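If you want the building blocks of each chain, they are given just below.
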Amino acid sequence: MIQRIKKMQLLCALCMILQLVCYKWIIPFHLIAVLISIVIILNQRWFKVIQLQYHFYLIGLYLYRLWIMSIEVVYLMQLIYVVLCLYIAIMLILFSFHCIL
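(A) Just helix H3 (residues 53-70), in detail. Over its 18 residues, H3 runs 26 Å from end to end, which matches the ideal 26 Å to within 8%, given 1.5 Å per residue. Restricting attention to buried positions, one finds in H3 the residues Tyr54, His55, Leu58, Leu61, Tyr62, Arg65 and Ile68. All buried residues of H3 project into a common sector of 125° when viewed along the axis, lining one side. Exposed side chains of H3 directed beyond 90 degrees from the buried face belong to Leu63 and Ser70.

(B) Broad picture of the packing of aromatic side chains. Applying the stated criterion across every chain, the model contains 4 aromatic pairs. A centroid spacing of 6.0 Å and a plane angle of 35° characterise the contact between Tyr64 and Trp67, whose relative ring orientation is tilted. With Tyr64 and Trp67 both in helix H3, this residue pair falls 3 residues apart, about one helical turn. Given the relative accessible area of 21%, Tyr64 is considered partly exposed. Relative accessible area serves as the criterion here: at 40%, Trp67 is assigned to the partly exposed category. By way of ring pairs, the aromatic residues Tyr54, Tyr57, Tyr87 and Phe95 are connected into one cluster. Across from the ring centre of Tyr81, 5.0 Å away, lies the NZ or CZ of Arg65, which sits over that ring.

Cut-off values and rules
- Residues numbered from 1 in each chain as written.
- Predicted model: local features only at pLDDT ≥ 70, side-chain atom pairs only at ≥ 80, totals over all residues.
- Heavy atoms only, no water.
- Helix = DSSP H or I, 4+ residues; strand = E, 2+ residues; numbered from the N terminus.
- Expected span 1.5 Å × (residues − 1).
- Buried < 20%, exposed > 50% of the residue type's maximum accessible area, 1.4 Å probe, protein only.
- Arc of directions from axis to C-beta.
- Phe/Tyr/Trp six-rings, centres within 6.5 Å; stacked < 30°, edge-to-face > 60°.
- Lys NZ or Arg CZ within 6 Å of the ring centre and 35° of its normal.

Now the structure itself:
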């Protein structure tokens, strides 16, 4: 079961990357990543998940994205969003492969 959680963590990171590649599908991919993160957070009591804090950051990043959409377009805030998405996705991929291998 721990391997399944790690694969979900990897899938979450891939959704984060896909939202940046497929720009028109940015919200659905991030929503899928957030839902997977919620499942991982809910299962943290039974399974050891490396760096669970990144899943909390992912949920916060989703709320930040919704806030950016509600204000006027500010390119600096969108750039911060992209940088944070890439950072979180890369960290989740590294931690997932560390535990899978």
